[in-house]
Amino acid sequence: MLRVDEDKSWPIVQELMSSASNFYAYWVFRDIYPHLNGQRQQEIIDHYLGHPESVSSYDIAKMLNAVVGGSFPKGYLRTTLNRISVVARIAFKRYDEREAFEGKLHQAKYQLGL
């Protein structure tokens, strides 16, 4: 539906987001996120960063890729990458994996000029 009419489909996505129980990041970033405009992509990312308990290490890595690959304002990028860093401390249970992710995050900030 999003491919046909994003504006009419968006309320359904928002309803799914509000229930949060079945709004799995895996399929959201695979099936929904690519078909959204920049503002709605930000809403998706902000939704997950606002619910850190539901974010896995896989999800946080997908979010980093989405943010780096998107075309967002510098201010949003800076704030979001900082929020991703905070959520990563929750999502990554093993120290070595968390450190490796922090390295990727630092590299992303450097590439984006932040």
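This text goes with the structure placed above it.
Report follows, based on the coordinates. (Residues numbered from 1 in each chain as written. Predicted model: local features only at pLDDT ≥ 70, side-chain atom pairs only at ≥ 80, totals over all residues. Heavy atoms only, no water.)

### Some thoughts on the environment of Ile60
Part 1: Mapped onto the fold, Ile60 is located in helix α4 (residues 57-69).
Part 2: C-alpha separation for the pair Ile60 and Ala25, spaced 35 residues apart in sequence, amounts to 9.2 Å.
Part 3: Ignoring anything within four residues of it in the chain, the contact list for Ile60 reads Leu49, Val55, Ile84, Val87, Ala88, Ala91, Phe92 and Phe101. (Helix = DSSP H or I, 4+ residues; strand = E, 2+ residues; numbered from the N terminus. Contact = heavy atoms within 4.5 Å.)

### Observations regarding the pattern of salt bridges
Where charged atoms of side chains with opposite charge meet at close range, the side chains can pair.
Part 1: Taken as a whole and judged by the stated rule, the model has five salt bridges.
Part 2: A salt bridge links Glu97 to Arg94; the shortest N-O distance between them is 3.5 Å.
Part 3: Overall, Glu97 belongs to the partly exposed group, its relative accessible area being 33%.
Part 4: By sharing partners, the salt bridges in this structure join Arg94, Asp96 and Glu97 into a single network. (Salt bridge = Lys/Arg side-chain N within 4 Å of Asp/Glu carboxyl O. Buried < 20%, exposed > 50% of the residue type's maximum accessible area, 1.4 Å probe, protein only.)

### Focus on the environment of Val86
Part 1: The residue Val86 is located in helix α5 (residues 74-91) in this model.
Part 2: Separated by 61 residues in the primary sequence, Val86 and Ala25 place their C-alpha atoms 18 Å from one another.

### Observations regarding helix α1 (residues 6-19)
Part 1: Taking 1.5 Å per residue, 14 residues should reach 20 Å; α1 reaches 20 Å between its end C-alpha atoms and fits that length.
Part 2: Among the residues of α1, Glu6, Ser9, Trp10, Val13 and Met17 are the ones counted as buried. Taken end-on, α1 shows its buried residues confined to a sector of 115 degrees, consistent with a single buried face. The outward face of α1, more than 90 degrees from its buried face, is lined by the exposed residues Lys8, Glu15 and Ser18. (Expected span 1.5 Å × (residues − 1). Arc of directions from axis to C-beta.)

### Observations regarding the nonpolar core
Part 1: Membership of the largest hydrophobic core comes to 33 residues, with the highest contact counts inside it found for Phe29, Ile44, Ile45, Tyr48, Ile60, Met63 and Ile84.
Part 2: Elements with a minimum of two residues in this core: α1, α2 (25-32), α3 (38-49), α4, α5 and α6 (95-111).
Part 3: For this core, the leading source of residues is α5, giving seven residues.
Part 4: Among all residues touching Ile44, those that are not within four sequence positions of it are Trp10, Val13, Met17, Phe23, Val28, Phe29, Tyr33 and Leu36. (Core = buried A, V, L, I, M, F, W, Y, C linked by side-chain atoms within 4.5 Å.)

### Concerning the packing of α3 against α4
Part 1: At a minimum axis distance of 11 Å, the contact between α3 and α4 shows a crossing angle of 150 degrees. In terms of axis orientation, α3 runs roughly antiparallel to α4. Here α3 and α4 pass one another in a crossing that is left-handed. Listed contacts from α4 to Ile45, Tyr48 and Leu49 of α3 are Ile60, Met63 and Val67.
Part 2: Of the residues belonging to the contact of α3 with α4, the class tally is six nonpolar, no polar and no charged. (Axes fitted to C-alpha atoms, helices over the stretch in contact; angles between N-to-C directions. Parallel < 35°, antiparallel > 145°, perpendicular 65-115°, else oblique. Left-handed = near helix turned anticlockwise from the far one by under 90°. Nonpolar A, V, L, I, M, F, W, Y, C, P; charged D, E, K, R; others polar.)

### A few points about the packing of aromatic side chains
Part 1: Here the structure, examined in full by the defined rule, presents five aromatic pairs.
Part 2: Seen from their ring centres, Phe29 and Tyr33 are 5.1 Å apart, and the 40 degrees between their planes marks the pair as tilted.
Part 3: Residue classification places Phe29 among the buried residues on the basis of a relative accessible area of 7%.
Part 4: On the basis of an interplanar angle of 50 degrees and a centroid distance of 5.3 Å, the ring pair of Phe72 and Tyr76 is categorised as tilted.
Part 5: Look at Phe72 and you get buried, because its relative accessible area is 9%.
Part 6: What makes Tyr76 buried here is its relative accessible area of 13%.
Part 7: Feature note: the residues Phe29, Tyr33 and Tyr48 constitute an aromatic cluster, connected by ring pairs. (Phe/Tyr/Trp six-rings, centres within 6.5 Å; stacked < 30°, edge-to-face > 60°.)

In short, geometric facts, not functional conclusions.
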